[in-house]
Amino acid sequence: GAVVSQHPSWVICKSGTSVKIECRSLDFQATTMFWYRQFPKQSLMLMATSNEGSKATYEQGVEKDKFLINHASLTLSTLTVTSAHPEDSSFYICSARWESEQYFGPGTRLTVT
Amino acid sequence: GENVEQHPSTLSVQEGDSAVIKCTYSDSASNYFPWYKQELGKGPQLIIDIRSNVGEKKDQRIAVTLNKTAKHFSLHITETQPEDSAVYFCAASMGGGSYIPTFGRGTSLIVHP
């Protein structure tokens with residue numbers, strides 16, 4: 001149990017376009033999901049905490065207008081990278097909390113050309 | 001806030017040897033310490049965790065120890081195998097409803113056959 005999926009697993013987009021990444025909890029309901037960003041050979045950087053039915057809480061330095069998070073249901077949270085630029089290229093990972101433990105998705109590799 | 005230090009950043013061992021990764025944390029209120037294994041291009045997977053009311057926990061070839069007084073915890077992998085090669089992250093949090101873990105920087109474990 002406690003499986004988290006992400007879609008897509010990788011995406012290439014042109015500079016200036018927007019990209020949506022989906023995070024789903026497949027076999028449990030997650031009132032709280034998290035979005036992380038990971039640069040090569042570095043640790044996970046928490047971007048925001050997403051609570052179902054309410055606005056996301058963004059970490060300091062993360063632009064909320066650029067990284068739009070929607071947690072519309074107990075099994076789905078989405079991250080939209082708006083007006084993407086090459087510096088937004090990264091590995092984005094979501095996680096969901098279930099019974100005090102955190103389960104991670106497989107990640108989405110975003111490349112902005 | 002919480003600060004987690006992890007050492008070493010890289011660990012190279014021969015198959016069959018033991019591997020030890022150490023972490024220290026700063027917030028004495030932290031009471032939940034998970035360890036994650038991240039393979040290349042994938043999301044982190046929880047492999048073992050320990051709570052502050054326990055000093056040691058073991059699951060087959062992996063074990064975690066916790067010293068609350070010194071505020072450090074360690075991951076021990078015995079009889080290492082090539083498939084253990086990955087990046088391992090420790091984390092610390094206060095658990096419960098406010099579970100937002102702070103991650104260490106990661107240890108790249110390489111097991112040579």
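Everything that follows concerns the structure shown earlier in this document.
Since the model is a prediction, treat every value here as computed from it, not as a measurement. (Residues numbered from 1 in each chain as written. Chains lettered and ligands numbered in written order. Predicted model: local features only at pLDDT ≥ 70, side-chain atom pairs only at ≥ 80, totals over all residues. Heavy atoms only, no water.)

Turning our eyes to something else, we now look at the overall build of chain B. The helix and strand inventory of chain B stands at zero helices and eleven strands. In chain B, the succession of helices and strands from N to C terminus is β-β-β-β-β-β-β-β-β-β-β. In terms of C-alpha radius of gyration, chain B reaches 13 Å, essentially the compact-globule figure of 13 Å for 113 residues. With respect to the principal axes defined by its C-alpha atoms, chain B has extents near 40 × 30 × 20 Å. Here chain B holds 113 residues, and 42% of them are scored as buried. Contacts spanning at least 24 positions in sequence make up 54% of the contacts within chain B whose residues lie at least 6 apart. For chain B, the distance from the average site of its 10 positive side-chain charges to the average site of its 12 negative ones is 5 Å. (Helix = DSSP H or I, 4+ residues; strand = E, 2+ residues; numbered from the N terminus. Rg over C-alpha atoms; globule rule 2.2 N^0.38 Å. Buried < 20%, exposed > 50% of the residue type's maximum accessible area, 1.4 Å probe, protein only. Contact = heavy atoms within 4.5 Å. Lys, Arg positive; Asp, Glu negative; His and termini not counted. Charge placed at Lys NZ, Arg CZ, Asp CG, Glu CD.)

We now examine the overall build of chain A. Broken down by element type, chain A carries zero helices and eleven strands. Walking chain A from its N terminus toward its C terminus, one meets helices and strands in the order β-β-β-β-β-β-β-β-β-β-β. Relative to its length of 113 residues, chain A is compact, with a C-alpha radius of gyration of 13 Å against a globular reference of 13 Å. C-alpha atoms of chain A, sized along the principal axes, occupy 40 × 25 × 20 Å. Expressed as a percentage of the 113 residues in chain A, the buried residues total 52%. Long-range contacts, defined here as pairs at least 24 residues apart, represent 54% of the contacts in chain A between residues at least 6 apart. Working note: accessible area of chain A is about 5600 Å², and carbon and sulfur atoms make up 51% of it. (Areas by Shrake-Rupley, 256 points an atom, 1.4 Å probe, with all protein chains shown as cover.)

On to the state of the cysteines. Each disulfide consists of a covalent bond between the sulfur atoms of two cysteine residues. In this structure the tally under the stated criterion is two disulfides over all chains. At a sulfur-sulfur separation of 2.0 Å, the disulfide partner of cysteine 23 of chain A is cysteine 94 of chain A. Between cysteine 23 of chain A and cysteine 94 of chain A, the S-S dihedral sits near 80 degrees, and the bridge is therefore right-handed. Taken together, the residues span a long stretch of sequence, with cysteine 23 of chain A in strand β3 (residues 19-25) and cysteine 94 of chain A in strand β9 (residues 90-98) at a distance of 71 residues. Each member of the pair, cysteine 23 of chain A together with cysteine 94 of chain A, is buried. Two residues, cysteine 23 of chain B and cysteine 90 of chain B, share a disulfide whose sulfurs are 1.9 Å apart. Here the S-S torsion is close to -100 degrees, and the disulfide linking cysteine 23 of chain B with cysteine 90 of chain B is therefore left-handed. (Disulfide = S-S within 2.5 Å.)

All names here are of chain A. A sheet is described by the order of its strands in space; here four strands give the open sequence β1-β3-β8-β7, paired in antiparallel fashion. Sheet topology places β1 (4-7) and β7 (67-73) at the edges, where each strand pairs with a single neighbour. In this sheet, adjacent strand axes meet at a mean angle of 15 degrees when their direction is disregarded. As defined by bridge partners, β7 adjoins strand β8 (residues 76-81) across five bridges and the pair is classed as antiparallel. Following the sheet pairing, leucine 68 is matched in β8 by threonine 80. (Pairing = 2+ DSSP bridges. Axes fitted to C-alpha atoms, helices over the stretch in contact; angles between N-to-C directions.)

As a further point, take the side chain of glutamine 38 of chain A. Mapped onto the elements, glutamine 38 of chain A comes out in strand β4 (residues 32-38). Residue glutamine 38 of chain A is classed as buried on the basis of its relative accessible area of 7%. Separated by 2.8 Å, the side chains of glutamine 38 of chain A and glutamine 38 of chain B make a polar contact. (Polar contact = N/O pair within 3.5 Å; in protein donor to acceptor, adjacent residues only side chain to side chain.)

What follows concerns the sheet that holds strand β3 (residues 19-25) of chain B. All names here are of chain B. With antiparallel pairing, five strands are arranged side by side in an open sheet as β1-β3-β8-β7-β6. Here the strands that pair on one side only, and so sit at the sheet edges, are β1 (4-7) and β6 (56-59). Pairwise comparison of adjacent strand axes, ignoring direction, gives a mean angle of 15 degrees for this sheet. In this structure, β6 lies alongside strand β7 (residues 62-67), joined through four bridges in antiparallel fashion. Following the sheet pairing, lysine 58 is matched in β7 by alanine 63.

Spatial relationships are all this shows, so hold off on functional conclusions.
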